[in-house]
Amino acid sequence: MSLFITFEGGEGSGKSYQARTIYRKLVRLAVPALLTHEPGGTPLGERLTRLLKWAKDTDLSPIAELMLFNASRAQLVTTVIKPALASGQAVICDRYTDSTVAYQGYGRGLDMALITAINHAATQGLTPDLAILLDVPVEIGLARKQGRGADRFHREDLSFHQRVRAGYLKLAAQEPSRWLVIDGARPKDEIARIIWERVSRLLAYRQDQ
Ligand code: TMP
């Protein structure tokens, strides 16, 4: 029984908290599970993350940025996610290819066909069974992150973050069966309950297969 679930959202959306919460719940229920994140999740990925989040803006062109996110992803998919799914684990990943479409595509304005091709090469076509979008107004998300040190993305202007948010909502509207969109301004435990409802149904369905 393998299951691949990703968490998506803008800055300060609360997705990392919810990814940890569902992972812990699965572990408590003795469901074999793995929690990982992008960028990072491997020794190579963690080195790339430092560059991606903290390099001076002028040090990275948008295309170089796209390639580095996907280098990190290729390593994670090959060495961590695919083996875990093959061994029957549920994989929870904090960000995945939809982040690239939202940030590098809608945010930076890179060509969508190029992004799709590179994402596909890095993942060998592995797509999540469910993508969970925590949607929060940009000002609320950025304010939540205040004081945690502004990385390259946090420092982008409001319009960049608004394009990312609108991009995510567009993606979810295009493929509603693959997405669960939740208002990220709701109380944390209410959000966790909504997520569990959906994930437990998916698990039950998989176990019947
Ligand atoms: P996070 O740890 O807050 O999720 O930070 C990761 C940052 O990297 C976040 O600002 C979104 C950005 N990002 C992209 O721009 N493209 C990607 O493909 C991924 C995975 C993340």
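These numbers were taken from a predicted model, which means no experiment stands behind them.

Draft legend 1. Local environment of the packing of helix H3 (residues 62-86) against helix H5 (residues 112-123). Between H3 and H5, the least distance of the axes is 7 Å, while the angle of their chain directions is 30 degrees. Put simply, H3 runs roughly parallel to H5. With respect to the hand of their crossing, H3 and H5 are arranged in right-handed fashion. Where H3 approaches H5, its residues Ile63, Leu66, Met67, Asn70, Arg73, Ala74, Val77 and Lys82 are matched on the opposing element by Leu114, Ile115, Ile118, Asn119, Ala122 and Thr123. When its residues are assigned to classes, the contact of H3 with H5 shows 9 nonpolar, 3 polar and 2 charged.

Draft legend 2. Examining unusual backbone geometry more closely. Here the residue pair Glu38 and Pro39 is connected by a cis peptide bond, since its omega of -10 degrees sits within 30 degrees of zero. In this fold, Pro39 is placed in the loop between strand S2 (33-37) and helix H2 (43-54). A positive phi angle is found at Ala30, which is not glycine, with a value near 60 degrees. Here Ala30 lies in the loop between helix H1 (15-28) and S2. A positive phi angle is found at Gln124, which is not glycine, with a value near 55 degrees. On the basis of relative accessible area, Gln124 is assigned to the partly exposed category, the value being 45%.

Draft legend 3. Up close: the site of the ligand. Residues in close proximity to the ligand total 14 residues, the closest being Glu11, Lys53, Arg95, Thr100 and Gln104. Contact distances for the ligand include 2.6 Å between an oxygen atom and a side-chain N or O atom of Arg95. A distance of 2.6 Å separates an oxygen atom of the ligand from a polar atom in the side chain of Thr100. Out of a free accessible area of 480 Å², the ligand has 91% covered by protein chains. One can see that the ligand is located within the largest pocket. With 4 residues, the single largest contributor to the shell around the ligand is helix H4 (residues 97-107). The residue inventory of the shell around the ligand, partitioned by class, reads 4 nonpolar, 3 polar and 7 charged.

Quick notes on the rules
- Residues numbered from 1 in each chain as written.
- Predicted model: local features only at pLDDT ≥ 70, side-chain atom pairs only at ≥ 80, totals over all residues.
- Heavy atoms only, no water.
- Axes fitted to C-alpha atoms, helices over the stretch in contact; angles between N-to-C directions.
- Helix = DSSP H or I, 4+ residues; strand = E, 2+ residues; numbered from the N terminus.
- Parallel < 35°, antiparallel > 145°, perpendicular 65-115°, else oblique.
- Left-handed = near helix turned anticlockwise from the far one by under 90°.
- Contact = heavy atoms within 4.5 Å.
- Nonpolar A, V, L, I, M, F, W, Y, C, P; charged D, E, K, R; others polar.
- Buried < 20%, exposed > 50% of the residue type's maximum accessible area, 1.4 Å probe, protein only.
- Near = heavy atom within 4 Å.
- Polar contact = N/O pair within 3.5 Å; in protein donor to acceptor, adjacent residues only side chain to side chain.
- Areas by Shrake-Rupley, 256 points an atom, 1.4 Å probe, with all protein chains shown as cover.
- 1 Å grid on protein atoms, 1.4 Å probe; cavity = no way out; pocket = protein on both sides within 12 Å on 5 of 7 lines; lining within 4 Å.
- Sits in = over half its atoms within 2 Å of the grid points.

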